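Listed here are the chains, written in short residue letters.
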Amino acid sequence: MQALLIVDLQNDFCPGGALAVPNGDTIVPTVNDLADQFDHVLQTQDWHPPGHQSFASSHPEHDPMDVIEVDYGEQVLWPDHCVQGTEGADFHPDLNTTPTELVIRKGFRPEIDSYSAFYENDGETPTGLAGYLRDRGIDTLYLCGLATDFCVKWSALDGRSEGFDVYVIEDATRGIDQDGSLAQAWDEMNDAGVQVISSAAARDVVAR
Ligand code: VGL
Ligand code: ZN
């Protein structure tokens, strides 16, 4: 059984938001169309408390996009974004969330960032998604949303290591592309056995 996972399609990742992904909002119609096709639709929501460790503002000696060492390895320092309860953390207003059966919030622990829908960035704190999918008999994930080179990539890689079949719907995702991170993300996903598919092809595969 297959599910659509819509990653972080939130105001702060869209143009005008705090951590805008170029053209991030342009995928919304495609994602809405896909959500109508799938029997199971899941979403993630980046959901940080104020003063989160991943915010450059929490490290006065650093600027946004600096990379620092933390307990679990490298951490990119982001502008404040997706703060719990703010408009920036809301889903894009045109996103149809009606078909969504589960929203996984992530990044709410003050000291740990969380890109992946499965594990926080320490690599060991689970979100519960793998268990949910297994309990519901879902073995195949179609990923879309933002950003290709961070949360979509980490979700895809962890999905593979958890034993799921993973497709990334190429025209329903957009990247930040920080220092070549987008091309590198596609390489890493390819090496891990993540498959790339168009929204048109995904639609055909799941057509009821
Ligand atoms: C994301 C950076 C920080 C993402 C979330 O959704 O890709 N990127 N927090
Ligand atoms: Zn974040």
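Up top is the structure these notes are about.
Notes on the structure follow.

With that settled, consider the coordination of the zinc ion (ligand 2). Protein coordination of the zinc ion (ligand 2) is provided by Asp 46 (OD), His 48 (NE2) and His 81 (NE2), with donor distances spanning 2.0 to 2.2 Å. Between the four donor atoms coordinating the zinc ion (ligand 2), the angles at the centre fall across 89 to 168 degrees, so the site counts as irregular. Read in sequence order, the donor residues coordinating the zinc ion (ligand 2) give the pattern D-x1-H-x32-H. Here Asp 46 is found in strand E2 (residues 41-46), whereas its partner His 81 is found in the loop between strand E4 (73-76) and strand E5 (100-106), with 35 residues between them in sequence. For Asp 46, a relative accessible area of 2% gives the class buried. Assessed through its relative accessible area of 3%, His 81 is described here as buried.

Our focus in this paragraph is the site of ligand 1. Near ligand 1 you find Asp 8, Phe 13, Leu 19, Asp 46, Trp 78, His 81, Tyr 115, Leu 146, Ala 147, Phe 150 and Cys 151, and these make up its full shell. Cys 151 has a polar backbone atom sitting 3.0 Å from an oxygen atom of ligand 1. With the chains in place, 100% of the 260 Å² that ligand 1 exposes on its own is no longer accessible. Among the residues forming the shell around ligand 1, the class breakdown is eight nonpolar, one polar and two charged.

Direction vectors running N to C along helix H3 (residues 148-161) and helix H4 (residues 181-191) enclose 10 degrees, while the axes themselves pass 10 Å from each other. Between H3 and H4, the angle falls in the class roughly parallel. The segment H3 lies against H4, with Thr 148, Asp 149, Phe 150, Lys 153, Ala 156 and Leu 157 engaging Ser 181, Leu 182, Ala 185, Trp 186, Glu 188 and Met 189. For the contact of H3 with H4, the per-class residue count stands at seven nonpolar, two polar and three charged.

Scoring rules and cut-offs
- Residues numbered from 1 in each chain as written.
- Chains lettered and ligands numbered in written order.
- Predicted model: local features only at pLDDT ≥ 70, side-chain atom pairs only at ≥ 80, totals over all residues.
- Heavy atoms only, no water.
- Donors = N, O, S within 2.8 Å, 3.2 Å for Na, K, Ca; no water.
- Tetrahedral: all angles 85-135°; square planar, octahedral: opposite > 155°, others 65-115°.
- Helix = DSSP H or I, 4+ residues; strand = E, 2+ residues; numbered from the N terminus.
- Buried < 20%, exposed > 50% of the residue type's maximum accessible area, 1.4 Å probe, protein only.
- Near = heavy atom within 4 Å.
- Polar contact = N/O pair within 3.5 Å; in protein donor to acceptor, adjacent residues only side chain to side chain.
- Areas by Shrake-Rupley, 256 points an atom, 1.4 Å probe, with all protein chains shown as cover.
- Nonpolar A, V, L, I, M, F, W, Y, C, P; charged D, E, K, R; others polar.
- Axes fitted to C-alpha atoms, helices over the stretch in contact; angles between N-to-C directions.
- Parallel < 35°, antiparallel > 145°, perpendicular 65-115°, else oblique.
- Contact = heavy atoms within 4.5 Å.

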